[in-house]
Amino acid sequence: MTFSVPSPDAIPRPDPSGADAEFWSALRDGELRFERCAACGTLRHPPRPVCAHCGSRATEWVTSAGSGEVWSFTVIHAPTLPAFIDQVPYGAVVVRLDEGVFVVSNLLDCPVDELTVGDRVELVPTRVDDELTLPLFRRA
Amino acid sequence: MRTAAVAGIGQTRFAKNMGRTELDLAVEAIGAACSDAGVEPRTVDGFVSFHVEQVSEVDLVTTLGIDELRYMARTPSGGGGAASILGLAAMAVEHGTAEQVIVFRARNRSKAASYGSDPNQGGRPWAKSGSRLRDFRQWHHPFGVAAPAHEMALIGRRHMGVYGTRAEHFGMQAVAQRFHASRNPDAIMRDPITLDDWYAARPIAEPIRLVDCSLENDGAVALLVTTVERARDLQAGAIPVLGHVQLGAPIHTELSDFFATTAAYGEHDSGAVVAGRRLFGRAGITPADVDVAMVVEPFSLTVPLALEQYGFCGMGEGGPFIESGATRWPDGGLPVNTHGGSNGEAFVHGVNHLPEAVRQLRGTAVNQVEGAEVAFACGAITDPSGAVLLGVDR
(Lines give C-alpha, C1' and ligand atoms only; values in the text may rest on other atoms or scores of the structure.)
Protein backbone atom coordinates (compact mmCIF):
# COMPACT_ATOMS: atom_id res chain seq x y z
CA MET A 1 0.00 0.00 0.00
CA THR A 2 1.39 3.39 -0.93
CA PHE A 3 0.74 6.70 0.72
CA SER A 4 -1.95 9.02 -0.57
CA VAL A 5 -2.56 12.54 0.64
CA PRO A 6 -5.81 12.93 2.63
CA SER A 7 -8.59 14.94 1.08
CA PRO A 8 -8.47 18.73 1.52
CA ASP A 9 -11.50 18.70 3.80
CA ALA A 10 -10.01 16.09 6.13
CA ILE A 11 -6.29 16.83 6.43
CA PRO A 12 -5.08 18.48 9.65
CA ARG A 13 -4.13 21.90 8.39
CA PRO A 14 -1.36 24.25 9.54
CA ASP A 15 -2.73 27.63 10.57
CA PRO A 16 0.61 29.31 11.16
CA SER A 17 1.70 32.81 11.97
CA GLY A 18 5.03 34.64 11.82
CA ALA A 19 8.04 32.70 10.56
CA ASP A 20 6.04 29.46 10.48
CA ALA A 21 3.77 31.07 7.88
CA GLU A 22 6.79 31.86 5.69
CA PHE A 23 7.74 28.17 5.67
CA TRP A 24 4.31 27.10 4.44
CA SER A 25 4.06 30.05 2.05
CA ALA A 26 7.31 29.05 0.33
CA LEU A 27 5.95 25.54 -0.19
CA ARG A 28 2.99 26.98 -2.07
CA ASP A 29 5.63 28.26 -4.51
CA GLY A 30 7.16 24.78 -4.66
CA GLU A 31 10.15 25.54 -2.45
CA LEU A 32 11.27 23.95 0.82
CA ARG A 33 12.89 26.77 2.75
CA PHE A 34 14.56 26.84 6.13
CA GLU A 35 15.78 29.62 8.37
CA ARG A 36 19.53 30.20 8.27
CA CYS A 37 21.54 32.32 10.65
CA ALA A 38 22.83 35.28 8.65
CA ALA A 39 25.85 35.55 10.96
CA CYS A 40 27.20 31.99 11.21
CA GLY A 41 25.22 30.13 8.55
CA THR A 42 23.68 27.49 10.82
CA LEU A 43 20.33 26.17 9.57
CA ARG A 44 17.44 25.63 11.94
CA HIS A 45 13.99 24.07 11.79
CA PRO A 46 11.33 24.71 12.97
CA PRO A 47 11.74 28.51 12.75
CA ARG A 48 13.11 30.17 15.86
CA PRO A 49 13.80 33.82 16.80
CA VAL A 50 17.53 33.35 17.45
CA CYS A 51 20.43 31.16 16.35
CA ALA A 52 21.06 28.47 18.97
CA HIS A 53 24.65 28.17 17.74
CA CYS A 54 25.90 31.77 17.85
CA GLY A 55 23.06 33.77 19.38
CA SER A 56 22.55 36.07 16.41
CA ARG A 57 19.03 37.21 15.63
CA ALA A 58 19.95 38.02 12.03
CA THR A 59 18.02 35.53 9.94
CA GLU A 60 17.66 34.73 6.26
CA TRP A 61 15.77 32.04 4.39
CA VAL A 62 17.54 29.46 2.27
CA THR A 63 15.98 27.09 -0.25
CA SER A 64 16.81 23.43 0.29
CA ALA A 65 18.07 21.43 -2.68
CA GLY A 66 15.42 18.92 -1.59
CA SER A 67 17.76 15.93 -1.45
CA GLY A 68 18.12 13.82 1.62
CA GLU A 69 18.04 10.45 3.29
CA VAL A 70 15.41 8.37 5.07
CA TRP A 71 16.69 8.73 8.62
CA SER A 72 13.89 6.65 10.14
CA PHE A 73 10.44 5.35 9.30
CA THR A 74 7.41 3.71 10.83
CA VAL A 75 4.38 1.88 9.49
CA ILE A 76 1.32 3.21 11.29
CA HIS A 77 -1.62 0.87 11.91
CA ALA A 78 -3.64 2.46 14.72
CA PRO A 79 -4.70 4.63 16.36
CA THR A 80 -4.48 7.65 14.12
CA LEU A 81 -6.22 10.86 13.15
CA PRO A 82 -9.56 10.62 11.29
CA ALA A 83 -7.97 11.94 8.08
CA PHE A 84 -5.66 8.92 7.85
CA ILE A 85 -7.90 6.09 9.13
CA ASP A 86 -8.96 4.85 5.70
CA GLN A 87 -5.41 4.22 4.52
CA VAL A 88 -3.81 2.32 7.38
CA PRO A 89 -1.26 0.89 7.36
CA TYR A 90 0.67 3.85 5.95
CA GLY A 91 4.28 4.88 6.21
CA ALA A 92 5.75 7.96 7.82
CA VAL A 93 9.39 8.98 7.67
CA VAL A 94 11.93 11.31 9.15
CA VAL A 95 14.07 12.73 6.36
CA ARG A 96 17.44 14.28 6.97
CA LEU A 97 17.96 16.87 4.26
CA ASP A 98 21.53 17.07 3.00
CA GLU A 99 21.69 20.55 4.53
CA GLY A 100 21.43 18.83 7.94
CA VAL A 101 17.82 19.60 8.87
CA PHE A 102 15.28 16.95 9.89
CA VAL A 103 11.64 16.90 8.77
CA VAL A 104 8.72 14.52 9.32
CA SER A 105 7.11 13.49 6.03
CA ASN A 106 5.73 10.68 3.88
CA LEU A 107 7.16 8.89 0.85
CA LEU A 108 5.16 8.81 -2.37
CA ASP A 109 5.16 5.69 -4.51
CA CYS A 110 6.74 3.52 -1.83
CA PRO A 111 4.92 0.43 -0.54
CA VAL A 112 5.25 0.19 3.24
CA ASP A 113 7.30 -3.00 3.03
CA GLU A 114 9.93 -1.20 0.96
CA LEU A 115 10.62 1.57 3.49
CA THR A 116 14.33 1.49 4.36
CA VAL A 117 16.58 3.55 6.59
CA GLY A 118 19.27 5.15 4.46
CA ASP A 119 17.36 5.38 1.17
CA ARG A 120 18.07 8.53 -0.83
CA VAL A 121 15.00 10.69 -1.40
CA GLU A 122 14.03 13.84 -3.29
CA LEU A 123 11.48 16.51 -2.45
CA VAL A 124 8.09 16.42 -4.16
CA PRO A 125 6.09 19.54 -3.24
CA THR A 126 2.59 18.08 -3.19
CA ARG A 127 -0.34 20.42 -3.60
CA VAL A 128 -3.43 19.75 -1.47
CA ASP A 129 -5.29 22.92 -2.44
CA ASP A 130 -4.62 26.65 -2.90
CA GLU A 131 -3.76 27.04 0.77
CA LEU A 132 -1.62 23.99 1.48
CA THR A 133 1.31 22.29 -0.22
CA LEU A 134 3.07 19.48 1.67
CA PRO A 135 6.82 18.72 1.50
CA LEU A 136 6.59 15.03 0.61
CA PHE A 137 9.38 12.91 -0.83
CA ARG A 138 10.04 10.19 -3.38
CA ARG A 139 12.90 7.71 -3.57
CA ALA A 140 15.67 9.08 -5.76
CA MET B 1 22.77 20.80 53.54
CA ARG B 2 20.12 18.43 54.85
CA THR B 3 19.43 15.02 53.31
CA ALA B 4 15.94 14.29 52.02
CA ALA B 5 14.20 10.95 52.30
CA VAL B 6 10.98 9.31 51.22
CA ALA B 7 8.88 8.73 54.34
CA GLY B 8 5.62 7.53 52.83
CA ILE B 9 4.14 6.07 49.66
CA GLY B 10 0.52 5.83 48.58
CA GLN B 11 -1.55 4.93 45.55
CA THR B 12 -5.12 4.31 44.53
CA ARG B 13 -6.39 1.24 42.77
CA PHE B 14 -5.50 1.32 39.07
CA ALA B 15 -8.31 0.62 36.59
CA LYS B 16 -10.01 1.84 33.44
CA ASN B 17 -12.78 4.41 33.64
CA MET B 18 -13.09 4.56 37.41
CA GLY B 19 -15.55 7.41 37.14
CA ARG B 20 -13.82 9.49 39.81
CA THR B 21 -12.42 13.00 39.55
CA GLU B 22 -8.68 13.51 39.51
CA LEU B 23 -8.99 15.53 42.73
CA ASP B 24 -10.70 12.58 44.38
CA LEU B 25 -7.97 10.22 43.19
CA ALA B 26 -5.21 12.61 44.30
CA VAL B 27 -6.69 13.03 47.76
CA GLU B 28 -6.85 9.26 48.24
CA ALA B 29 -3.24 8.74 47.16
CA ILE B 30 -1.97 11.65 49.27
CA GLY B 31 -3.90 10.33 52.26
CA ALA B 32 -2.39 6.90 51.75
CA ALA B 33 1.15 8.31 51.60
CA CYS B 34 0.54 10.29 54.79
CA SER B 35 -0.97 7.25 56.54
CA ASP B 36 2.01 5.16 55.50
CA ALA B 37 4.32 7.67 57.18
CA GLY B 38 1.94 8.35 60.07
CA VAL B 39 1.45 12.09 59.57
CA GLU B 40 -1.68 14.22 59.20
CA PRO B 41 -2.30 15.46 55.63
CA ARG B 42 -2.91 19.00 56.95
CA THR B 43 0.74 19.14 58.06
CA VAL B 44 1.97 18.75 54.47
CA ASP B 45 3.72 21.99 53.46
CA GLY B 46 4.67 21.39 49.83
CA PHE B 47 3.25 19.93 46.61
CA VAL B 48 5.16 18.94 43.47
CA SER B 49 3.66 17.57 40.27
CA PHE B 50 3.74 17.91 36.47
CA HIS B 51 2.74 21.06 34.63
CA VAL B 52 -0.04 19.04 32.97
CA GLU B 53 -1.50 18.05 36.35
CA GLN B 54 -5.10 19.27 36.60
CA VAL B 55 -5.36 19.05 40.41
CA SER B 56 -4.29 22.48 41.63
CA GLU B 57 -2.37 23.29 44.77
CA VAL B 58 -5.19 25.64 45.76
CA ASP B 59 -7.71 22.82 45.58
CA LEU B 60 -5.49 20.64 47.72
CA VAL B 61 -4.97 23.37 50.32
CA THR B 62 -8.70 23.84 50.75
CA THR B 63 -9.66 20.18 50.39
CA LEU B 64 -7.07 18.87 52.83
CA GLY B 65 -7.12 21.90 55.18
CA ILE B 66 -3.39 22.47 54.83
CA ASP B 67 -2.06 24.60 57.69
CA GLU B 68 0.72 26.39 55.82
CA LEU B 69 1.78 25.63 52.26
CA ARG B 70 5.36 26.79 51.71
CA TYR B 71 6.39 25.18 48.47
CA MET B 72 4.79 24.59 45.07
CA ALA B 73 6.68 23.35 42.03
CA ARG B 74 5.96 21.65 38.74
CA THR B 75 8.14 20.02 36.16
CA PRO B 76 7.69 20.20 32.37
CA SER B 77 6.36 17.33 30.36
CA GLY B 78 4.48 14.16 31.19
CA GLY B 79 6.25 10.89 31.80
CA GLY B 80 9.58 12.67 31.53
CA GLY B 81 9.02 14.33 34.87
CA ALA B 82 8.31 11.20 36.87
CA ALA B 83 11.66 11.19 38.65
CA SER B 84 12.20 14.94 38.45
CA ILE B 85 9.22 15.65 40.70
CA LEU B 86 10.85 13.61 43.44
CA GLY B 87 14.05 15.54 42.86
CA LEU B 88 12.24 18.88 43.19
CA ALA B 89 10.69 17.75 46.47
CA ALA B 90 14.05 16.57 47.76
CA MET B 91 15.62 19.90 46.84
CA ALA B 92 13.03 21.84 48.85
CA VAL B 93 13.68 19.63 51.87
CA GLU B 94 17.47 19.75 51.45
CA HIS B 95 17.42 23.53 51.50
CA GLY B 96 14.90 23.84 54.33
CA THR B 97 12.27 25.46 52.14
CA ALA B 98 9.72 22.90 53.29
CA GLU B 99 9.54 20.00 55.75
CA GLN B 100 6.93 17.61 54.35
CA VAL B 101 6.49 17.71 50.60
CA ILE B 102 3.98 15.60 48.68
CA VAL B 103 4.94 14.41 45.18
CA PHE B 104 1.87 13.33 43.25
CA ARG B 105 0.19 12.65 39.93
CA ALA B 106 -3.50 11.92 39.35
CA ARG B 107 -4.95 11.21 35.98
CA ASN B 108 -7.80 9.91 33.95
CA ARG B 109 -6.87 8.22 30.72
CA SER B 110 -8.54 6.54 27.72
CA LYS B 111 -11.00 8.04 25.31
CA ALA B 112 -13.92 7.46 27.66
CA ALA B 113 -12.16 9.19 30.57
CA SER B 114 -12.03 12.56 28.79
CA TYR B 115 -13.84 15.20 30.84
CA GLY B 116 -12.94 18.46 29.11
CA SER B 117 -11.64 20.04 25.92
CA ASP B 118 -8.20 20.77 27.34
CA PRO B 119 -5.72 18.19 25.98
CA ASN B 120 -4.72 17.40 29.56
CA GLN B 121 -8.22 16.80 30.88
CA GLY B 122 -8.30 13.05 30.47
CA GLY B 123 -8.42 11.03 27.31
CA ARG B 124 -5.87 11.21 24.53
CA PRO B 125 -4.21 14.64 24.25
CA TRP B 126 -3.16 14.18 20.63
CA ALA B 127 -6.71 13.40 19.56
CA LYS B 128 -7.91 16.81 20.80
CA SER B 129 -5.69 18.90 18.52
CA GLY B 130 -8.46 19.96 16.13
CA SER B 131 -8.08 20.65 12.44
CA ARG B 132 -6.16 23.96 12.61
CA LEU B 133 -2.60 23.58 13.83
CA ARG B 134 -0.89 26.65 15.25
CA ASP B 135 1.75 24.96 17.37
CA PHE B 136 4.31 22.16 17.14
CA ARG B 137 1.64 19.84 15.77
CA GLN B 138 1.91 21.57 12.36
CA TRP B 139 5.21 19.74 11.76
CA HIS B 140 3.77 16.25 12.42
CA HIS B 141 0.01 16.02 12.06
CA PRO B 142 -0.31 16.85 8.33
CA PHE B 143 1.80 13.73 7.71
CA GLY B 144 -0.31 11.45 9.89
CA VAL B 145 2.20 11.46 12.73
CA ALA B 146 0.18 12.41 15.79
CA ALA B 147 0.14 9.82 18.57
CA PRO B 148 3.13 9.30 20.87
CA ALA B 149 3.36 5.75 19.47
CA HIS B 150 4.07 7.16 16.01
CA GLU B 151 6.82 9.43 17.28
CA MET B 152 8.40 6.80 19.52
CA ALA B 153 8.32 4.30 16.65
CA LEU B 154 10.38 6.69 14.53
CA ILE B 155 12.81 7.13 17.43
CA GLY B 156 13.11 3.37 17.97
CA ARG B 157 13.46 2.52 14.29
CA ARG B 158 16.44 4.83 13.96
CA HIS B 159 18.10 3.02 16.87
CA MET B 160 17.53 -0.24 15.02
CA GLY B 161 19.07 1.20 11.87
CA VAL B 162 22.17 2.52 13.60
CA TYR B 163 22.88 -0.27 16.08
CA GLY B 164 21.15 -3.35 14.73
CA THR B 165 18.69 -3.40 17.62
CA ARG B 166 15.77 -5.70 16.80
CA ALA B 167 12.09 -5.09 17.42
CA GLU B 168 12.12 -8.30 19.47
CA HIS B 169 14.48 -6.64 21.94
CA PHE B 170 11.73 -4.17 22.78
CA GLY B 171 9.33 -7.10 22.95
CA MET B 172 11.56 -8.95 25.38
CA GLN B 173 11.36 -6.02 27.79
CA ALA B 174 7.59 -5.92 27.39
CA VAL B 175 7.45 -9.65 28.15
CA ALA B 176 9.70 -9.29 31.22
CA GLN B 177 7.51 -6.52 32.60
CA ARG B 178 4.33 -8.50 32.03
CA PHE B 179 5.92 -11.35 33.98
CA HIS B 180 6.67 -8.94 36.81
CA ALA B 181 3.09 -7.67 36.65
CA SER B 182 1.67 -11.19 36.78
CA ARG B 183 2.92 -11.47 40.37
CA ASN B 184 1.76 -7.99 41.44
CA PRO B 185 -1.77 -7.85 42.92
CA ASP B 186 -1.95 -4.11 42.16
CA ALA B 187 -1.25 -4.62 38.45
CA ILE B 188 -3.96 -4.23 35.83
CA MET B 189 -2.42 -6.87 33.55
CA ARG B 190 -2.09 -10.08 35.55
CA ASP B 191 -1.62 -12.55 32.69
CA PRO B 192 2.02 -13.12 31.71
CA ILE B 193 2.86 -13.19 28.01
CA THR B 194 5.50 -14.91 25.93
CA LEU B 195 7.57 -13.59 23.05
CA ASP B 196 5.22 -15.52 20.76
CA ASP B 197 2.36 -13.48 22.21
CA TRP B 198 4.38 -10.37 21.40
CA TYR B 199 4.77 -11.51 17.78
CA ALA B 200 1.03 -12.19 17.65
CA ALA B 201 0.06 -8.83 19.14
CA ARG B 202 -1.28 -6.35 16.64
CA PRO B 203 1.14 -3.75 15.38
CA ILE B 204 0.46 -0.15 16.43
CA ALA B 205 3.27 1.75 14.73
CA GLU B 206 6.08 -0.59 13.70
CA PRO B 207 8.23 -1.62 15.52
CA ILE B 208 5.75 -1.01 18.38
CA ARG B 209 3.14 -3.67 19.08
CA LEU B 210 0.14 -3.38 21.37
CA VAL B 211 1.81 -5.08 24.33
CA ASP B 212 4.75 -2.63 24.13
CA CYS B 213 2.40 0.25 24.90
CA SER B 214 1.62 1.84 28.23
CA LEU B 215 -1.87 1.12 29.48
CA GLU B 216 -4.73 3.59 29.39
CA ASN B 217 -6.16 3.76 32.90
CA ASP B 218 -7.11 6.01 35.79
CA GLY B 219 -5.30 6.28 39.09
CA ALA B 220 -3.13 8.39 41.35
CA VAL B 221 0.17 8.01 43.19
CA ALA B 222 1.78 10.10 45.93
CA LEU B 223 4.96 10.09 47.99
CA LEU B 224 5.83 12.04 51.12
CA VAL B 225 9.34 13.53 51.24
CA THR B 226 10.90 14.92 54.41
CA THR B 227 14.33 15.04 56.06
CA VAL B 228 16.09 11.78 56.70
CA GLU B 229 16.12 12.58 60.43
CA ARG B 230 12.38 13.18 60.60
CA ALA B 231 11.68 10.14 58.43
CA ARG B 232 13.58 7.97 60.89
CA ASP B 233 11.17 9.10 63.61
CA LEU B 234 8.14 8.22 61.48
CA GLN B 235 6.62 4.76 61.37
CA ALA B 236 7.82 3.68 57.91
CA GLY B 237 11.44 4.80 58.28
CA ALA B 238 13.63 6.66 55.80
CA ILE B 239 14.59 5.92 52.22
CA PRO B 240 17.24 8.60 51.58
CA VAL B 241 17.46 10.46 48.27
CA LEU B 242 21.08 9.98 47.22
CA GLY B 243 20.96 12.25 44.20
CA HIS B 244 18.75 13.84 41.60
CA VAL B 245 19.18 15.50 38.21
CA GLN B 246 17.03 17.11 35.59
CA LEU B 247 17.59 16.94 31.86
CA GLY B 248 16.13 19.65 29.63
CA ALA B 249 16.25 17.67 26.40
CA PRO B 250 13.83 18.02 23.45
CA ILE B 251 10.56 16.11 23.37
CA HIS B 252 9.17 13.45 21.03
CA THR B 253 6.43 15.79 19.83
CA GLU B 254 9.13 17.89 18.13
CA LEU B 255 11.06 15.32 16.15
CA SER B 256 13.12 17.78 14.09
CA ASP B 257 14.83 18.76 17.33
CA PHE B 258 14.77 15.30 18.86
CA PHE B 259 16.70 13.73 15.99
CA ALA B 260 19.33 16.46 16.21
CA THR B 261 19.88 15.75 19.92
CA THR B 262 18.66 12.77 21.95
CA ALA B 263 18.30 10.52 18.92
CA ALA B 264 21.63 11.51 17.32
CA TYR B 265 22.73 7.99 18.18
CA GLY B 266 26.45 7.54 18.11
CA GLU B 267 27.20 11.06 16.88
CA HIS B 268 27.80 12.82 20.20
CA ASP B 269 27.00 12.56 23.92
CA SER B 270 23.29 13.08 23.59
CA GLY B 271 20.23 12.71 25.75
CA ALA B 272 20.90 11.65 29.32
CA VAL B 273 24.58 10.76 28.92
CA VAL B 274 25.85 13.96 30.53
CA ALA B 275 23.02 14.10 33.09
CA GLY B 276 23.78 10.52 34.09
CA ARG B 277 27.41 11.34 34.75
CA ARG B 278 26.28 14.28 36.87
CA LEU B 279 23.83 12.12 38.83
CA PHE B 280 26.27 9.36 39.68
CA GLY B 281 29.13 11.79 40.24
CA ARG B 282 27.20 13.71 42.87
CA ALA B 283 26.03 10.55 44.61
CA GLY B 284 29.56 9.12 44.57
CA ILE B 285 28.48 5.81 43.08
CA THR B 286 28.41 4.21 39.65
CA PRO B 287 25.72 2.44 37.60
CA ALA B 288 27.31 -0.85 38.71
CA ASP B 289 26.23 -0.04 42.28
CA VAL B 290 22.54 0.06 41.32
CA ASP B 291 20.55 -3.04 42.31
CA VAL B 292 17.19 -2.28 40.71
CA ALA B 293 16.00 0.29 38.16
CA MET B 294 12.67 1.95 37.42
CA VAL B 295 12.70 3.25 33.86
CA VAL B 296 9.60 5.14 32.82
CA GLU B 297 8.51 3.76 29.47
CA PRO B 298 5.57 5.10 27.51
CA PHE B 299 6.62 2.29 25.17
CA SER B 300 9.03 -0.56 25.90
CA LEU B 301 11.58 0.72 23.39
CA THR B 302 12.48 3.63 25.65
CA VAL B 303 13.93 1.21 28.23
CA PRO B 304 17.08 0.27 26.28
CA LEU B 305 17.57 3.89 25.22
CA ALA B 306 17.49 5.05 28.83
CA LEU B 307 19.70 2.24 30.12
CA GLU B 308 22.34 3.11 27.52
CA GLN B 309 22.27 6.84 28.11
CA TYR B 310 22.48 6.53 31.89
CA GLY B 311 25.45 4.20 31.52
CA PHE B 312 24.03 0.81 32.56
CA CYS B 313 25.34 -0.62 29.29
CA GLY B 314 27.25 0.71 26.31
CA MET B 315 25.62 2.90 23.67
CA GLY B 316 23.80 0.66 21.24
CA GLU B 317 23.96 -2.34 23.57
CA GLY B 318 20.53 -1.87 25.15
CA GLY B 319 18.91 -4.51 22.98
CA PRO B 320 21.43 -7.29 23.69
CA PHE B 321 21.42 -6.20 27.38
CA ILE B 322 17.70 -6.96 27.54
CA GLU B 323 18.12 -10.15 25.51
CA SER B 324 20.68 -11.37 28.07
CA GLY B 325 17.94 -11.34 30.71
CA ALA B 326 19.64 -8.59 32.70
CA THR B 327 16.43 -6.61 33.20
CA ARG B 328 14.24 -9.58 34.22
CA TRP B 329 13.54 -10.45 37.86
CA PRO B 330 14.73 -12.53 39.72
CA ASP B 331 17.86 -13.62 37.87
CA GLY B 332 18.82 -10.46 36.00
CA GLY B 333 21.66 -8.33 37.26
CA LEU B 334 19.55 -5.15 36.95
CA PRO B 335 15.85 -5.97 37.22
CA VAL B 336 13.89 -3.16 35.55
CA ASN B 337 10.32 -2.17 36.43
CA THR B 338 9.80 -5.00 38.88
CA HIS B 339 6.17 -3.95 39.55
CA GLY B 340 5.32 -4.49 35.90
CA GLY B 341 5.83 -0.96 34.63
CA SER B 342 3.52 1.02 32.39
CA ASN B 343 2.45 -1.92 30.23
CA GLY B 344 1.83 -4.20 33.20
CA GLU B 345 0.99 -2.46 36.47
CA ALA B 346 -0.52 0.81 35.27
CA PHE B 347 0.23 4.08 33.50
CA VAL B 348 0.30 7.00 35.89
CA HIS B 349 2.78 8.96 33.80
CA GLY B 350 5.45 6.79 35.40
CA VAL B 351 4.94 8.06 38.93
CA ASN B 352 3.81 4.57 40.01
CA HIS B 353 7.42 3.54 39.42
CA LEU B 354 8.60 5.59 42.41
CA PRO B 355 6.76 3.68 45.19
CA GLU B 356 8.15 0.47 43.70
CA ALA B 357 11.71 1.80 44.09
CA VAL B 358 10.87 2.55 47.72
CA ARG B 359 9.33 -0.89 48.29
CA GLN B 360 12.46 -2.52 46.88
CA LEU B 361 14.63 -0.65 49.38
CA ARG B 362 12.24 -1.38 52.25
CA GLY B 363 12.36 -5.05 51.29
CA THR B 364 8.60 -5.20 50.76
CA ALA B 365 8.30 -5.55 46.98
CA VAL B 366 6.34 -8.45 45.54
CA ASN B 367 9.23 -9.16 43.20
CA GLN B 368 11.89 -8.34 45.76
CA VAL B 369 15.47 -7.97 44.59
CA GLU B 370 17.38 -9.67 47.34
CA GLY B 371 19.49 -7.28 49.37
CA ALA B 372 18.65 -4.24 47.22
CA GLU B 373 20.48 -1.19 48.58
CA VAL B 374 20.42 1.28 45.71
CA ALA B 375 17.52 2.01 43.35
CA PHE B 376 17.57 4.18 40.24
CA ALA B 377 14.53 5.82 38.68
CA CYS B 378 14.36 7.95 35.55
CA GLY B 379 11.63 9.69 33.61
CA ALA B 380 10.79 8.90 30.00
CA ILE B 381 13.93 9.47 27.94
CA THR B 382 11.78 10.83 25.11
CA ASP B 383 10.81 13.95 27.09
CA PRO B 384 12.52 16.61 29.13
CA SER B 385 13.25 14.37 32.07
CA GLY B 386 15.46 13.54 34.99
CA ALA B 387 16.52 10.80 37.36
CA VAL B 388 16.91 10.02 41.05
CA LEU B 389 18.93 7.61 43.13
CA LEU B 390 17.47 6.20 46.33
CA GLY B 391 19.24 4.11 48.95
CA VAL B 392 18.68 2.18 52.14
CA ASP B 393 19.16 4.15 55.35
CA ARG B 394 22.57 3.52 56.86
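One structure accompanies this document, and this report is about it. (Residues numbered from 1 in each chain as written. Chains lettered and ligands numbered in written order. Predicted model: local features only at pLDDT ≥ 70, side-chain atom pairs only at ≥ 80, totals over all residues. Heavy atoms only, no water.)

A separate point is the pairing of strand β5 (residues 67–76) of chain A. All names here are of chain A. Counting buried residues along β5, 8 of its 10 residues qualify, which places the element largely inside the surrounding structure. When β5 meets strand β9 (residues 120–127), the two strands line up antiparallel, connected through 3 bridges. Within the sheet, the bridge partner assigned to E69 lies in β9 and is R120. Sheet analysis places β5 next to strand β6 (residues 90–97), joined by 8 bridges and oriented antiparallel. Looking at β6, one finds that V75 is bridged to G91. (Buried < 20%, exposed > 50% of the residue type's maximum accessible area, 1.4 Å probe, protein only. Helix = DSSP H or I, 4+ residues; strand = E, 2+ residues; numbered from the N terminus. Pairing = 2+ DSSP bridges.)

On to the interface of chain A and chain B, then. It is common to give the size of an interface as the accessible area that goes away when the parts come together. Contact with chain A, which involves 39 residues of that partner, is made by 32 residues of chain B. Summed over both partners, the interface of chain A with chain B buries about 3400 Å², with 59% contributed by carbon and sulfur atoms. Considering only the side of chain A, the residues that lose the most area to chain B are D15, W71 and V104 of chain A, jointly responsible for 19% of the buried surface there. The shortest N-O distance in the salt bridge between E254 of chain B and R48 of chain A comes to 3.8 Å. Run the count over chain A and chain B and you get 19 residue pairs in polar contact (both at pLDDT 80 or more). Sorting the residues of the side of chain A that touches chain B by element identifies β1 (13–14), α1 (18–28), β5, β6, β7 (102–105) and β10 (133–139) of chain A as the ones contributing at least two each. A breakdown of the residues in the side of chain A that touches chain B according to their chemical character gives 27 nonpolar, 7 polar and 5 charged. Pairing geometry for β1 of chain A and strand β5 (residues 132–133) of chain B, over 2 bridges, is parallel. Across the sheet, the residue bridging to R13 of chain A is R132 of chain B, located in β5 of chain B. (Contact = heavy atoms within 4.5 Å. Buried area = accessible area lost by both parts, 1.4 Å probe. Salt bridge = Lys/Arg side-chain N within 4 Å of Asp/Glu carboxyl O. Polar contact = N/O pair within 3.5 Å; in protein donor to acceptor, adjacent residues only side chain to side chain. Nonpolar A, V, L, I, M, F, W, Y, C, P; charged D, E, K, R; others polar.)

Our next topic: the nonpolar core. If you look at the biggest cluster of nonpolar residues, it comprises 98 residues, and the most contacted ones within it are F137 of chain A together with F259, L307, Y310 and F376 of chain B. Shared between two domains, this core takes at least three residues from each, and those domains are domain 1 (15–63) and domain 2 (65–140) of chain A. Setting aside chain neighbours within four positions, we find F259 of chain B in contact with W71, S72, V94 and F102 of chain A together with L154, I155, R158 and A264 of chain B. Formed by 44 residues, the second largest nonpolar core is a distinct cluster that contains F14, A73, A98 and A372 of chain B. (Core = buried A, V, L, I, M, F, W, Y, C linked by side-chain atoms within 4.5 Å. Domains from an automatic or database assignment.)

The next subject is the pattern of salt bridges. Tallied over the entire structure, the rule returns 31 salt bridges over all chains. Where R132 of chain B meets D15 of chain A, a salt bridge forms, and the shortest distance between an N and an O atom there is 3.7 Å. With one member in each of two chains, R132 of chain B in strand β5 and D15 of chain A in the loop between β1 and α1 form a pair that bridges those chains. Owing to a relative accessible area of 41%, R132 of chain B belongs among the partly exposed residues under this scheme. Residues R120 of chain A and D98 of chain A are paired through a salt bridge, measuring 2.8 Å at the closest nitrogen-oxygen approach. One end of the pair, R120 of chain A, is in strand β9; the other, D98 of chain A, is in the loop between β6 and β7, and 22 residues separate them in sequence. Accessibility expressed as a relative area gives 40% for R120 of chain A, which makes it partly exposed. A relative accessible area of 42% places D98 of chain A in the partly exposed class. Connected through shared salt-bridge partners, R13, D15, D129 and E131 of chain A together with R132 and R134 of chain B make up one network.

Working definition: an aromatic ring pair is given by the centre-to-centre distance plus the angle between the planes. Tallied over the entire structure, the rule returns 16 aromatic pairs over all chains. Judged by centre distance (5.8 Å) and plane angle (15 degrees), the rings of W24 of chain A and W139 of chain B are stacked. Of this pair, W24 of chain A sits in helix α1 while W139 of chain B sits in the loop between β5 and α4 (148–163), which puts the two residues in different chains. Accessibility assignment for this pair places W24 of chain A and W139 of chain B in one class, buried. Centre to centre, the rings of Y163 of chain B and Y265 of chain B are 6.1 Å apart; their planes meet at 55 degrees, and the pair counts as tilted. (Phe/Tyr/Trp six-rings, centres within 6.5 Å; stacked < 30°, edge-to-face > 60°.)

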